[in-house]
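# Observations on chain architecture
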Amino acid sequence: QVQLVESGGGLVQPGGSLRLSCAASGRTFSRYAMGWFRQAPGKEREFVGGITRSGGGTHYTDSVKGRFTISRDNAKNTVYLQMNSLKPEDTAVYYCAGHMTDFSGNLYTRANDYDYWGQGTQVTVSS
């Protein structure tokens, strides 16, 4: 079992940047494919991006491609979401999620694929 704790959210002006972190407990972090999701008020939770166990593969939803970057440091049990050129429509609670997998090349885009979730961190983009 793994516990996930997000940090780094806050208020930022349009065009600004934030880096979210997700720290995982336990010794098996490198066995987890990780994902970031977000949920805006009144909307369903949506996939933002995912990363393979080693960090060698990533995938993003179209609305954040070229602006957001996912990375991970398995030695630190942490996954990151670097968000640049932020827009008001990026405002949401951001969640990290983990799925243990035996397949090093896999990442996952559906919320139902993930077994573990953090508590979320609020990101607000506003002037």
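Coordinates for the structure precede this section.
Everything in this summary refers to the structure shown in the same document. The shown structure was predicted, so the numbers you read here are calculated from the model rather than taken from an experiment.

This part takes up the sheet that holds strand 1 (residues 4-7). If you trace the 4 strands from one edge of the open sheet to the other, you get 1-3-8-7, paired in antiparallel fashion. Two strands lie at the open edges of the sheet, namely strand 1 and strand 7 (68-73), each paired on one side alone. Pairs of neighbouring strands in the sheet enclose a mean axial angle of 15°, with direction left out of account. Alignment of strand 1 against strand 3 (residues 18-24), held across 4 bridges, turns out to be antiparallel. Bridge pairing in strand 3 places Leu 4 opposite Ala 24.

What follows covers the state of the cysteines. All chains considered together, the criterion is met by 1 disulfide. The side chain of Cys 22 participates in a disulfide bridge whose partner is Cys 96; the two sulfur atoms lie 1.9 Å from each other. Judged by the sign of its S-S torsion, about 50°, the cystine formed by Cys 22 and Cys 96 is right-handed. Remark: Cys 96 occurs in strand 9 (residues 92-100) and Cys 22 occurs in strand 3; sequence separation between them is 74 residues. You'll find Cys 22 and Cys 96 in the same group, each marked buried.

Reading the values: the criteria
- Residues numbered from 1 in each chain as written.
- Predicted model: local features only at pLDDT ≥ 70, side-chain atom pairs only at ≥ 80, totals over all residues.
- Heavy atoms only, no water.
- Pairing = 2+ DSSP bridges.
- Helix = DSSP H or I, 4+ residues; strand = E, 2+ residues; numbered from the N terminus.
- Axes fitted to C-alpha atoms, helices over the stretch in contact; angles between N-to-C directions.
- Disulfide = S-S within 2.5 Å.
- Buried < 20%, exposed > 50% of the residue type's maximum accessible area, 1.4 Å probe, protein only.

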